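# Report on the structure
So you can see what is in the structure, the chains are spelled out below.
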Amino acid sequence: MSSPSLDSARAPGPHDGGGSDRAGRDHAGHDHAMAGPRRRPAHYLWLVGGVGVLVTMVALRSLTAEAGPWGLPNPVQDLLTLSTSVVVESLPFIVLGIALSILVQVWIPEAWLLRILPRNPWGRRAVISLFGMFLPVCECGNVPLARGLVRRGFTIPESMTFLVAAPILNPVTIITTHQAFGFDDGILVARLLGGFLIANVLGWLFSKHPDPHSLLSGRFAEQCRLDDGHGHTHSRRDQTLDLFVRESSILMPALVIGSLVAGGIQVLVPREVLVSLGSDPLLSVLAMMVLAFVISICANVDSFFILPFASTFLPGSIVAFLVFGPIVDIKMLALMRTTYSTRTLVQLTTIVALMSAGLGLVVNYVA
C-alpha cells in the first residue's frame, strides 16, 4: 500500500535493518516480553500517582472554598480552580482517546485502515486528516490515538497530520463553532479550511525530514521498537490492559503538570492586558494566540469561551484563537512531549504559529 518514501518515515520496526539489526531487535523484543511483568508495577505507580494528584487538587479546592481556617490566598484558590477545571474537562477525552487507540491497535484489522487510503502521499495524508470527522474527541484525546497510529504502521508525519487536524474537524467542534458564530465573518469556514491546510502542510514538511525517526521522543521510539520485536503474542485482552495502563501512566502525569502550568500562567498574566489589544489587526491576532496558548481550553467548547470577546476583537483574531489553540497550548505541549522530541515540538509550534497568524491577518483584511 505504501511507497518507499512512506516506509522510510515509519516508526522503527522489525524490518528496518539487515540481519544483525533484526536479530538485535528480536532480542530486544524477547527482553520486552520478559520485562513486561516487571514494568507493569511502575506503570501502575505513575497512574496511581497521577490520579492521586488530581484527587488532592479537587479535595483542596473543595476544603478551601470557604474562608476560614482552611482558607487559602486567592491566587492559590484561582490556581487550584483553573488547573482542576482543565484536568476535569480533558480527562474524559483522554480516556476516550486511549480507548480508541486500543481499538485501532488491537481490535481493528490493519487491512480495514489501509484499504481506504490512497497510495499518493498527499492524498493519503488528506484522507488521514479527515479521520477526525468520525472521532468526536478533543485535542488531548487525540494524542494517544496518534501514538496508536504510529504503532500500527502509519508514518510519523501522517500521525502528525491526524493529530493537528482532528480536533478542529471533529463533528462536535464543527457544531459548537456554528452554534456560536454561524457563518458570520467567515469564522467557521476559515477555521475548518485553516485546520485542514495547516495539518497537511505540516505533514508534508515533516515528510521531507531526512531522519523521521528522530522526530519521536527517545522513550516512545524505544516503545515502538520493543512493540515491533514483541510480535504481540499475548491475548487481545492482555494487550488491551497493558496498553491502557501504559498509555494512562504516561499521559496522566503530563496532563496534570500541563494543567498546573496553564493555571499558574492564567493567574499571573492579567487578562485585561490581552483585551486592550483587541482592535489592532496584528496585535489582536497575536494576543488571541497567546490567550489560546495560556487558557488551554478544549476545542469542543472553545467557541463558547471566546464568543464574549467577539465584540471587542477582530474576526481574524478569533479565527487565530480557534485554529492555534487546539493544536498548540500548554496542556497539549505537555502531552505531545510524551511522543515527539523537544526539537520537533519547537518546529511544529513555529510552523503552526506562523500559519495561524497569517490566516488571522488574511481574515482581518478580507472580512
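Report on the accompanying structure. (Residues numbered from 1 in each chain as written. Predicted model: local features only at pLDDT ≥ 70, side-chain atom pairs only at ≥ 80, totals over all residues. Heavy atoms only, no water.)

## Brief notes about the overall build of the protein chain
If you tally the helices and strands in the protein chain, you get 17 helices and 0 strands. Within the protein chain, the fraction of its 367 residues that count as buried is 50%. For the protein chain, restricting intrachain contacts to residue pairs at least 6 apart in sequence, the fraction spanning at least 24 positions comes to 82%. (Helix = DSSP H or I, 4+ residues; strand = E, 2+ residues; numbered from the N terminus. Buried < 20%, exposed > 50% of the residue type's maximum accessible area, 1.4 Å probe, protein only. Contact = heavy atoms within 4.5 Å.)

## What about the pattern of salt bridges?
Tallied over the full model, the rule gives 2 salt bridges. Here R191 ties to D302 by a salt bridge, and the two come within 2.7 Å at their closest N and O atoms. Taken together, the positions of R191 in helix α9 (residues 187-207) and D302 in helix α14 (residues 302-306) put the pair 111 residues apart, joining distant regions of the chain. Taking relative accessible area as the criterion, D302 reaches 2% and is therefore assigned buried. (Salt bridge = Lys/Arg side-chain N within 4 Å of Asp/Glu carboxyl O.)

## Side note on a nonpolar patch on the surface
Together, L130, M133, F134 and F196 line one region of the surface with nonpolar side chains, adding up to about 390 Å² of accessible area. Within the secondary structure layout, M133 lies in the loop between α5 (121-129) and α6 (139-151). Residue class for M133 comes out partly exposed when judged on its relative accessible area of 40%. (Patch = residues over 30% accessible without salt bridge, like charges linked within 9 Å, V, L, I, M, F, W, Y side chains within 5 Å. Areas by Shrake-Rupley, 256 points an atom, 1.4 Å probe, with all protein chains shown as cover.)

## Section: the packing of aromatic side chains
For the structure on display, the rule yields 1 aromatic pair. Each ring, one from W122 and one from W204, has its centre 5.9 Å from the other, and the planes form 25 degrees; the classification is stacked. Here W122, found in helix α5, pairs with W204, found in helix α9; they are 82 residues apart in sequence, far enough to count as distant. Judged by its relative accessible area of 43%, W122 is partly exposed. Accessibility expressed as a relative area gives 32% for W204, which makes it partly exposed. The aromatic ring of F154 is capped on one face by R124, whose charged end is 5.8 Å from the ring centroid. Positioned above the aromatic ring of W122 is the side chain of R125, whose terminal nitrogen or guanidinium carbon lies 5.3 Å from the ring centre. (Phe/Tyr/Trp six-rings, centres within 6.5 Å; stacked < 30°, edge-to-face > 60°. Lys NZ or Arg CZ within 6 Å of the ring centre and 35° of its normal.)

## Here's the deal with the packing of helix α13 (residues 281-295) against helix α17 (residues 342-366)
Working note: a packed helix pair is described by the angle between its axes plus the distance between those axes. Two elements in contact, α13 and α17, have axes whose closest approach is 9 Å; the angle formed by their N-to-C orientations is 135 degrees. Classified by the interaxial angle, the pair formed by α13 and α17 is oblique. Remark: the crossing between α13 and α17 carries right-handed chirality. Where α13 approaches α17, its residues P281, L282, S284, V285 and M289 are matched on the opposing element by A353, S356, A357, G360, L361, N364 and Y365. Tallied by class, residues from the contact of α13 with α17 come to 8 nonpolar, 4 polar and no charged. (Axes fitted to C-alpha atoms, helices over the stretch in contact; angles between N-to-C directions. Parallel < 35°, antiparallel > 145°, perpendicular 65-115°, else oblique. Left-handed = near helix turned anticlockwise from the far one by under 90°. Nonpolar A, V, L, I, M, F, W, Y, C, P; charged D, E, K, R; others polar.)

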